[in-house]
Amino acid sequence: RVEPMIGPSILNADLSILRDECKNLLESGADYLHLDVMDGHFVPNLTFGHPVVKCLRSHIKDAFFDMHMMVDQPEKWIKDMHESGATQFTFHLEATQQPEECIRKIKETGMKVGLAIKPKTEVEDLLPFINDIDMALIMTVEPGKGGQSFMGDMMPKVKFLRDKFQYLNIEVDGGVGPANINVCADNGANMIVAGTSIIKSPNRSETISLLKKAVSD
Ligand code: DX5
Ligand code: ZN
């Protein structure tokens, strides 16, 4: 079995107090932090890079930082992200001509490897790499923004992977919350990214434990 984990996304948090928001989320029961890196090329939005991660890590010693790299040529940032304290480097299959090379370089640093696909990418495209990665990320929104609505038609991709790979970490990301967590869990997702539904919740720890319970049953 794979570990059920809740990883809040901070994209819609108050980024002017990012350290405090991250600490608050961890104190509220988050198992890991999902940090959305956007370069304005791979997606039409811009967030932050490894300098911010380095500062965060200096204040938050041992949390699992899941770097969601929505960037072109992700291989360019592997070394910097590792040196800045990233735990997992999750890149998009659509963003590089050399996914095997990317996976190898990430592993060389000791970081965990995540491989993500956008809604329009077939889940079968992950298969050649599935034995070399620690986690597959099935996007349930078009990457680039927080607060979008959940794409339920992505669930067959999750089910397809879970039916074949019992011990693979499968992450869902985008529009996830109490309203759709059960369908994510029923199809086999075990790593749950939720941004707005946690960040804007009146009670973050209640929302996190609700999500956690749904994937643990
Ligand atoms: C979107 C990001 C997601 C997003 C999740 O491109 O990858 O992590 O911030 O936020 P919500 O849950 O608000 O869609
Ligand atoms: Zn993300």
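Preceding this paragraph is the structure being described.
Here goes a summary of the coordinates provided. Remember, it's a predicted structure, so these values are computed and weren't measured experimentally. (Residues numbered from 1 in each chain as written. Chains lettered and ligands numbered in written order. Predicted model: local features only at pLDDT ≥ 70, side-chain atom pairs only at ≥ 80, totals over all residues. Heavy atoms only, no water.)

**Considering the overall build of the protein**
Item 1. The helix and strand inventory of the protein stands at eight helices and eight strands.
Item 2. Counting only C-alpha atoms and orienting by the principal axes, one finds that the protein spans roughly 45 × 40 × 30 Å.
Item 3. For the protein, the proportion of its 217 residues judged to be buried stands at 54%.
Item 4. Only carbon and sulfur atoms are counted for the fraction: they give 50% of the accessible area of the protein, which is about 9600 Å². (Helix = DSSP H or I, 4+ residues; strand = E, 2+ residues; numbered from the N terminus. Buried < 20%, exposed > 50% of the residue type's maximum accessible area, 1.4 Å probe, protein only. Areas by Shrake-Rupley, 256 points an atom, 1.4 Å probe, with all protein chains shown as cover.)

**Quick notes on the side chain of Thr 90**
Item 1. Take Thr 90: it is sitting in strand β4 (residues 88-92).
Item 2. With near-sequence residues (within four places) excluded, Thr 90 lies in contact with Asp 66, Met 67, His 68, Met 69, Gly 114, Leu 115, Ala 116, Met 135 and Leu 137. (Contact = heavy atoms within 4.5 Å.)

**A word on unusual backbone geometry**
Item 1. Phi is positive for Gln 73, close to 45°, though the residue is something other than glycine.
Item 2. Take Gln 73: it is sitting in the loop between β3 (65-70) and α3 (78-84).

**Side note on the coordination of the zinc ion (ligand 2)**
Item 1. Around the zinc ion (ligand 2), the donor atoms from the protein are His 34 (NE2), Asp 36 (OD), His 68 (ND1) and Asp 173 (OD), and they sit 2.1 to 2.2 Å away.
Item 2. Classification of the site at the zinc ion (ligand 2) rests on its six donor atoms, whose angles at the metal span 75 to 176°, yielding the label octahedral.
Item 3. Mapped onto the polypeptide sequence, the residues donating to the zinc ion (ligand 2) form the spacing pattern H-x1-D-x31-H-x104-D. Remark: Asp 173 occurs in strand β7 (residues 169-173) and Asp 36 occurs in strand β2 (residues 33-38); sequence separation between them is 137 residues. The pair Asp 36 / Asp 173 is uniform in exposure class, with both members buried. (Donors = N, O, S within 2.8 Å, 3.2 Å for Na, K, Ca; no water. Tetrahedral: all angles 85-135°; square planar, octahedral: opposite > 155°, others 65-115°.)

**A look at the pattern of salt bridges**
Item 1. For the structure on display, the rule yields nine salt bridges.
Item 2. Residues Glu 101 and Arg 104 are paired through a salt bridge, measuring 2.6 Å at the closest nitrogen-oxygen approach. With Glu 101 and Arg 104 both in helix α4 (residues 99-109), this residue pair falls three residues apart, about one helical turn.
Item 3. Arg 104 gets classed as partly exposed once you look at its relative accessible area, which sits at 39%.
Item 4. Its salt-bridge partner being Glu 108, residue Arg 104 comes within 2.4 Å of it at the nearest N-O pair. Of this pair, Arg 104 and Glu 108 are both found in helix α4, four residues apart, which corresponds to roughly one turn of the helix.
Item 5. For Glu 108, a relative accessible area of 60% translates into the label exposed. (Salt bridge = Lys/Arg side-chain N within 4 Å of Asp/Glu carboxyl O.)

**Describing the sheet that holds strand β8 (residues 191-194)**
Item 1. Spatially, the eight strands line up as an open sheet ordered β1-β8-β7-β6-β5-β4-β3-β2, and their pairing is parallel. In this open sheet, the two strands that pair with only one neighbour each are β1 (5-8) and β2. Adjacent strand axes in the sheet meet at a mean angle of 25° when their direction is disregarded.
Item 2. Here β7 pairs with β8 via three bridges, running parallel. Bridge assignment links Glu 171 to a residue of β8, and that residue is Met 191. (Pairing = 2+ DSSP bridges. Axes fitted to C-alpha atoms, helices over the stretch in contact; angles between N-to-C directions.)

**Notes on helix α5 (residues 155-164)**
Item 1. For α5, the full list of buried residues reads Met 155, Lys 157, Val 158, Leu 161 and Arg 162. One side of α5 holds all its buried residues, which, seen down the axis, span an arc of 160°. Exposed residues pointing more than 90 degrees away from the buried face of α5 are listed as Pro 156 and Asp 163.
Item 2. The elements touched by buried residues of α5 are β5 (112-117), β6 (135-139), β7 and α6 (181-187). (Arc of directions from axis to C-beta.)

**Side note on the layout of surface pockets**
Item 1. Here the largest pocket defines a volume of roughly 240 Å³.
Item 2. Along the walls of the largest pocket sit 22 residues, with Lys 145, Gly 146, Gly 147, Gly 174 and Gly 175 positioned nearest its centre.
Item 3. The class makeup of the residues in the lining of the largest pocket is eight nonpolar, 11 polar and three charged.
Item 4. Computed from the structure, the second largest pocket encloses a volume of approximately 160 Å³.
Item 5. Take the lining of the second largest pocket: its biggest share by element is three residues, from helix α8 (residues 204-216). (1 Å grid on protein atoms, 1.4 Å probe; cavity = no way out; pocket = protein on both sides within 12 Å on 5 of 7 lines; lining within 4 Å. Points joined across faces, edges and corners; volume = space filled by probe spheres on them. Nonpolar A, V, L, I, M, F, W, Y, C, P; charged D, E, K, R; others polar.)

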